[in-house]
There are 2 protein chains.
Amino acid sequence: MVHNTTKPRGRPRSFDEAEALEKATQVFWSKGYDGVTIDDLVAGMGVGRPSLYAVFGDKRTIFLRVLRAYAAAKGARATQALFAPQPLRDSLADFLKHDVESATQKGSARGCLLVCVAPLVNDAEVQGFLQSAVAGGAAMVERRFRDGISAGDIPPDFPVAVRAIQVTDLARGLTMRAQLGTPRETLLKDAEEAADLVLLPRRGNATPEG
Amino acid sequence: MVHNTTKPRGRPRSFDEAEALEKATQVFWSKGYDGVTIDDLVAGMGVGRPSLYAVFGDKRTIFLRVLRAYAAAKGARATQALFAPQPLRDSLADFLKHDVESATQKGSARGCLLVCVAPLVNDAEVQGFLQSAVAGGAAMVERRFRDGISAGDIPPDFPVAVRAIQVTDLARGLTMRAQLGTPRETLLKDAEEAADLVLLPRRGNATPEG
DNA sequence: GGAGTTTTTAACTGCATGGTTCACAATACG
DNA sequence: CGTATTGTGAACCATGCAGTTAAAAACTCC
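Cut-offs and rules
- Residues numbered from 1 in each chain as written.
- Chains lettered and ligands numbered in written order.
- Predicted model: local features only at pLDDT ≥ 70, side-chain atom pairs only at ≥ 80, totals over all residues.
- Helix = DSSP H or I, 4+ residues; strand = E, 2+ residues; numbered from the N terminus.
- Buried ≥ 20, exposed ≤ 12 C-beta atoms within 10 Å, placed from the backbone.
- Contact = placed C-beta atoms within 7 Å.
- Near = placed C-beta within 6 Å.
- Nonpolar A, V, L, I, M, F, W, Y, C, P; charged D, E, K, R; others polar.
- Expected span 1.5 Å × (residues − 1).
- Arc of directions from axis to C-beta.
- pLDDT = per-residue confidence, 0-100.
- Least-squares fit on C-alpha atoms with pLDDT ≥ 70 in both.

## Some points on the overall build of chain A
Then, in step 1: Secondary structure assignment for chain A yields nine helices and zero strands.
Then, in step 2: For chain A, the succession of helices and strands along the chain, N to C, is α-α-α-α-α-α-α-α-α.
Then, in step 3: Counting only C-alpha atoms and orienting by the principal axes, one finds that chain A spans roughly 70 × 40 × 30 Å.
Then, in step 4: In chain A, which comprises 210 residues, the share counted as buried stands at 39%.
Then, in step 5: Intrachain contacts of chain A at a sequence separation of at least 6 include 65% that bridge at least 24 residues.

Set out below in structure tokens:
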């Protein structure tokens, strides 16, 4: 973050760039990608049309910036939940519950930009970004599992990769149900159950069908 | 199935209604809902524009018909997989694997109309239909679990409702990964793992099969 | 073969939208 | 105080789109 100390010469902007992006997020979140018109963005972001094009570029570019900011914020919160000093089971439950909470925020659109909106955007760059985001999420959970093995919370033969993917699959299922209107309380309970499902010790071998 | 024996009076249609609907499914599947124009449907379905309006109605109506047909077909295949005469574990695995296969079919769009396209449609009727479809899927799995208890495949205290929801959540996760391009083989393996995750006996649970 | 009925082909209309342009307003610098 | 520079507001234009209409075509019934 390098701050530019030289003051801009001309008329100062009447909007805050980050704030406008935040509002753009809400617009895309509530209307999808194709459903959003430039006028929607102009109205929602509080930025005039020419300024919008000058500062942010066209719709696709705006969406990419929104996606990146959204994913970064979500990733940060996920990291915080996963790697807070607490038992593995609580980390996992917090991870999933946080997903649920952000997907059921009132006053904001339901669901998740990354899960519900972005996959439909027919754009190579968006798809690539999503793939890496998904892989990154699973990798994060897997790392937490490894820490859990070190801490003795789970046995050393715990199938970290498989379980990590299953956690993210379950998270996506929760998010989609949120989008369809399942109440938050139900989903929070399901999040706990999901954490337990993945972690509860098995009888016999941890990996089935060895 | 009532066959209409009276021949139609005027000029015969140059297209098959069911076939056209099938093609419409592909169009929506590959382009989403908002991304589809009437011209896309005209081109994709092989039906003239006025005929399209006369026979199928507008885009929203067409999409609803497509959804119902798609859900019916998918439900039928799911029933077949779940309730075929085989052990519970195989039923579940087949159920999930079938989902994966239909979501990774070549020559067709990836993912699932119900999971990847329909949730984004901002329409009360569509959302309602989706909710009932989701609930119906979970109920189907739950019923299969009950049968499994009767057959002694799982203990009587098996939490059928919770596990059924988890199965559908996992299925949605698989489907979304399919949409993002995860190869079929990976997902098929993950489907098996998911079935095992849900079914493997927990330590501390009573098992009937001695 | 002709009349009546239905589908198809092609063109048309009106409206929303994306992207651009232009004159004007606001601020920094000399 | 004037000028250069940048942002803003409103109007503008071409395009694409949904939905309709008019006439030609294909078929059944008489």
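Here the narrative resumes.
## Some words on the protein's contact with DNA strand C
Then, in step 1: Around DNA strand C, the structure places 25 residues, and the nearest of them are Arg11 and Thr37 of chain A together with Gly10, Arg11 and Ser51 of chain B.
Then, in step 2: At the level of elements, helix H2 (38-45) and helix H3 (49-56) of chain A together with helix H3 (49-56) of chain B are the ones that each hand at least two residues to the surface near DNA strand C.
Then, in step 3: The element that contributes the greatest number of residues to the surface near DNA strand C is H3 of chain B, accounting for four residues.
Then, in step 4: Across the surface near DNA strand C, the residue classes break down as eight nonpolar, six polar and eleven charged.

## Quick word on the interface of chain B and chain A
Then, in step 1: Chain B puts 34 residues into the contact, and the matching count from chain A is 35 residues.
Then, in step 2: The set of elements that each furnish at least two residues to the side of chain B that touches chain A consists of helix H6 (113-117), helix H7 (124-151), helix H8 (160-179) and helix H9 (184-199) of chain B.
Then, in step 3: Of the residues forming the side of chain B that touches chain A, the biggest block, eleven residues, is contributed by H8 of chain B.
Then, in step 4: A per-class count over the side of chain B that touches chain A returns 16 nonpolar, ten polar and eight charged.

## Focus on the protein's contact with DNA strand D
Then, in step 1: Surrounding DNA strand D, one finds 25 residues, the nearest of these being Gly10, Arg11 and Ser51 of chain A together with Arg11 and Ile38 of chain B.
Then, in step 2: Of all elements in the fold, only H3 of chain A together with helix H2 (38-45) and H3 of chain B reach the threshold of two or more residues within the surface near DNA strand D.
Then, in step 3: Here the surface near DNA strand D gets four residues from one element, more than from any other, and that element is H3 of chain A.
Then, in step 4: Tallied by class, the residues present in the surface near DNA strand D amount to eight nonpolar, six polar and eleven charged.

## Some words on helix H1 (residues 17-31) of chain B
Residues and elements named next belong to chain B.
Then, in step 1: Compared with an ideal rise of 1.5 Å per residue, which puts 15 residues at 21 Å, H1 spans 21 Å between its outermost C-alpha atoms and is within 8% of the ideal.
Then, in step 2: The complete set of buried residues in H1 reads Ala20, Ala24, Thr25, Val27 and Phe28. Seen along its axis, H1 keeps its buried residues to an arc of 165°; they face one direction. In H1, the exposed positions angled more than 90 degrees off the buried face are occupied by Ala18 and Glu19.
Then, in step 3: Just downstream of H1, Gly32 is the residue with a positive phi angle, here 80°.

## A look at the confidence of the model for chain A
Residue and element names in this part refer to chain A.
Then, in step 1: For chain A, mean pLDDT is 88; residues scoring 70 or higher make up 93% of the total.
Then, in step 2: Taking the mean pLDDT of every element in chain A, the minimum, 82, falls on helix H6 (residues 113-117) and the maximum, 97, on helix H9 (residues 184-199).
Then, in step 3: Low pLDDT, under 50, characterises residues 205-210; the predicted model gives this stretch ten contacts beyond four residues in sequence or across chains.
Then, in step 4: Interface predicted TM-score (ipTM) for the complex: 0.88; the corresponding pTM is 0.89.

## Here we look at the relation of the copies chain B and chain A
Then, in step 1: When chain B is brought onto chain A, the operation consists of a screw motion whose angular component is 180° and whose axial shift is 0.1 Å, with 0.1 Å RMSD remaining. These values place the two chain copies in the arrangement generated by a two-fold rotation axis.
Then, in step 2: Interface overlap between copies: 97% of the residues of chain B at the interface are likewise at the interface in chain A, consistent with a symmetric, same-surface contact.

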